[in-house]
Every structure is written in C-alpha cells, then in structure tokens.
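Reading the structure
The residues making up each chain are set out below.
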Amino acid sequence: VTITTRLLVSHLSGIRHYEKDITKVKEEKEKANRALKLAKSHQDKEQKAKEGKGLENTDCVKQKKEHDGEAKSRHSKPGRNDKEFEQEEYYLKEKFESVIESLKIFKNDPLFFKPGDQFLYSTYGFTLLSAVVERASGQKFTDYMLKMFRDLDMLSTVLDDNEAMIYNRARCYIYNKKGRLVNAPYVDNSYKWAGGGFLSSVGDLLKFGNALLYSYQAGQFKNKNSKLLPGYLKPSTVAMMWTPVPKTEVSWDRDGKYAMAWAVVEKNQQYGCCRQQRHYASHTGGAVGASSVLLILPEELEPEGVGTWPVTPPRGVIVTIICNMQSVSLNSTALKIAREFDKEKRAQ
C-alpha cells in the first residue's frame, strides 16, 4: 500500500491508535457511526418541527435540552469513565532519543484499514509524520519545532520533558477508580512528541491561533502602502488545512469533519430564518492528567469592507482552554464562548 503525508495528517492512513485489538476498534467505530446517524436524524426531526410548528416552540425545546445537558455535566465528574485512558501505551515510561527510534512501537503492526478508506484517529500516524519532517528537514523534529515556536513568539511552549526545570509547570490530576482526585502518574511522552508531547500556555495558543487566522485572511486584504506584512503561512495553505476531507466525519462534533490536523465545520444554512452553521476550526487535546482546546472562529468579512484601512487581520474570535485535569470535554464550551463574543462584536 501507499501512505502519503496527506493521509497521515487527515488520519486516513489506517495506522492504529492506542488500541491494538482491531475487532474492538471496528465495534467502537460502528457505535460512533450509529450515534452520529441518530444525532443527525434527531436534528432533521427538529428542523421539520420548526417548519411545522414554528420557531418559538423548537427554541424552547432546544433551551431545555441545553439546560438538561449543562445540569448533567455539573453533577458528573470528569475523567472517571473514559475508556480511552485505559490503554497501557498512554503510560509508557521509556525514553526515546529520536522519533525514528519511537517508530518501533507500531511499525510491525498491521494496518487496521486500507489507507484512504476510513477515518481512524491515530497519534502514531503523527509520530510517523514527525519522522517524515525529521528526514525532510535534516534536523531533529524537536529542534525543528522549537525553532518554529520561537518564530511564532511562543516562548512558553516547550517539550514535556520530566527532567527539565520548567517555569510555572502545572501539576496534573486524574480521578482514581474510587472517584478520588489524585496526582497523575509519571509518563514519558518522547514516543509521541507530535501527537501530544508539548507543554504550552493559554497565551501561546492564542498567538498560534492569531498567526493562523492572520495567514488565512491576509490574502483577502489589500496591501495598502505595503503596510500589511505577509502571514506565517500562505492563505491557500491554511484554506487547504481547513477544508474538510472526504470520509472523515468525526464522532465528537456532529456538524464537523476532519481536515488536515484540524476538525472543521463549514458555513451552511439550509433554510431561511433557521439555524446557521458558522465556519470554524478546532482541535482538542487529551493527555494523562490534562485537557485542552483551541477553537478559531473567523469573522465573516464583507467584500466591500475588506480593503478598508485600518481594518486588518486577524478578524474573528479565538478561544483556548487548558486545564490540568484528564478527560474534560472542552470543545462545546469553547464554541459557546466563541459565539458569545462573536454575538457581542456583531451588536457593536
């Protein structure tokens, strides 16, 4: 078979994640697909109800469901029933000197799916991707990334190295089997630098989001008197990264698909005066004892206002949350925050 970097970055390579049992993986995928279909079916029924009974009634139903969901989340503790973190490889303590060396963990394992056939989120796919970067750049992947972080002014983003003295490093927590809050166990993340091996701060992630959003929008603004600097990436590159890839419906967002290292939702509205779907890109992060999210909601720019100075990119809302607790679901919270700020900006 042929596995391309595009397949790796969109999790279509067929390379396994932490679960080694292909039967369990297929069962979980079938469950997720059924749940997604059920959610979409429910959404369609709600839409028909809007058409038949009017908007006011269905809005009340929606508010009740949101209230019920929030009440449920308030009374449930995070990180207690997450089977994901039952996988042994999350807790590896072996130190790998290079990403090439860490490939030995999975390089002899069979592919779970034919490359390009099915979406399967794989941290190890990104480990292989980091090995490609290492060979193509001619330098260690970690050195390459740290230089990039300096270019982006992300000076608090470093390797999650247990031995290093890292200023303001937070202590991480998990719930044990008895439901008690305890310190997260020691792990060595050198086997997956690309898929979950960096420490960062909210401020640095905001810089990262702004750099991407600026790059995405820079091509839409007229460069008046050469005052507008180019973005870190080409606008076409970010647009490609944020374009959904076929066969990549994600289980954690019924509106979303996977693109290139980002989950994205496309702009869409099926009916007038009804639900609008805004374009945004996001990604969550989960590690032993920690959770995070970065969500970018670009402003919908008016063509006649794009060239008006001094209105410059980045234009939109960026939300990032980092918490030192395992298995905290943050994507929907980030989206609600982004929508509130977006609503406030529109009202001004």
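Looking at an unreviewed UniProt entry, one finds the chain named LACTB protein, with Prunella fulvescens as its source organism.

Another aspect to go through is the packing of aromatic side chains. A complete count under the given rule lists 11 aromatic pairs for this structure. Geometrically, the ring pair formed by Phe-106 and Tyr-124 is stacked, given 5.0 Å between the ring centres and 20 degrees between the ring planes. Of the two residues, Phe-106 is situated in the loop between helix H4 (99-102) and helix H5 (123-137) and Tyr-124 in helix H5; the sequence distance between them amounts to 18 residues. Overall, Phe-106 belongs to the buried group, its relative accessible area being 8%. Residue class for Tyr-124 comes out buried when judged on its relative accessible area of 0%. Taken together, a centroid distance of 5.3 Å and an interplanar angle of 45 degrees make the contact between Phe-119 and Tyr-258 tilted. One end of the pair, Phe-119, is in the loop between H4 and H5; the other, Tyr-258, is in strand E5 (residues 257-258), and 139 residues separate them in sequence. Residue Phe-119 shares its accessibility class with Tyr-258, and that shared class is buried.

Another point: helix H6 (residues 141-151). For H6, every residue scored as buried is listed here: Phe-141, Thr-142, Met-145 and Phe-149. When H6 is viewed along its axis, its buried side chains cluster within an angular range of 95 degrees and face the same direction. Those residues of H6 that are buried are in contact with H4, H5, strand E1 (158-159), helix H7 (193-196) and strand E4 (198-199). Immediately downstream of H6, the backbone of Asp-153 shows phi near 65 degrees, a positive value.

Most of strand E9 (residues 316-323) is tucked away: 6 of the 8 residues are buried. Relative to E9, strand E8 (residues 290-298) runs antiparallel, the two being bridged by 8 bridges. Opposite Ser-291, over in E9, you have Cys-323 as the bridge partner.

Turning our eyes to something else, we now look at the environment of Pro-110. Counting through the fold element by element, Pro-110 comes out in the loop between H4 and H5. Along the primary structure Pro-110 and Ile-15 are separated by 95 residues, whereas in three dimensions their C-alpha atoms are 7.7 Å apart.

Moving on, we come to unusual backbone geometry. Along the chain, Pro-313 connects to Pro-314 via a cis peptide bond; the corresponding omega equals 0 degrees. Position of Pro-314 relative to the elements: it lies in the loop between E8 and E9. Its identity as a non-glycine residue notwithstanding, Ala-261 has a phi of 70 degrees, on the positive side. As for its position among the elements, Ala-261 is in the loop between E5 and strand E6 (263-265).

Conventions and cut-offs
Residues numbered from 1 in each chain as written. Predicted model: local features only at pLDDT ≥ 70, side-chain atom pairs only at ≥ 80, totals over all residues. Heavy atoms only, no water. Phe/Tyr/Trp six-rings, centres within 6.5 Å; stacked < 30°, edge-to-face > 60°. Helix = DSSP H or I, 4+ residues; strand = E, 2+ residues; numbered from the N terminus. Buried < 20%, exposed > 50% of the residue type's maximum accessible area, 1.4 Å probe, protein only. Arc of directions from axis to C-beta. Contact = heavy atoms within 4.5 Å. Pairing = 2+ DSSP bridges.

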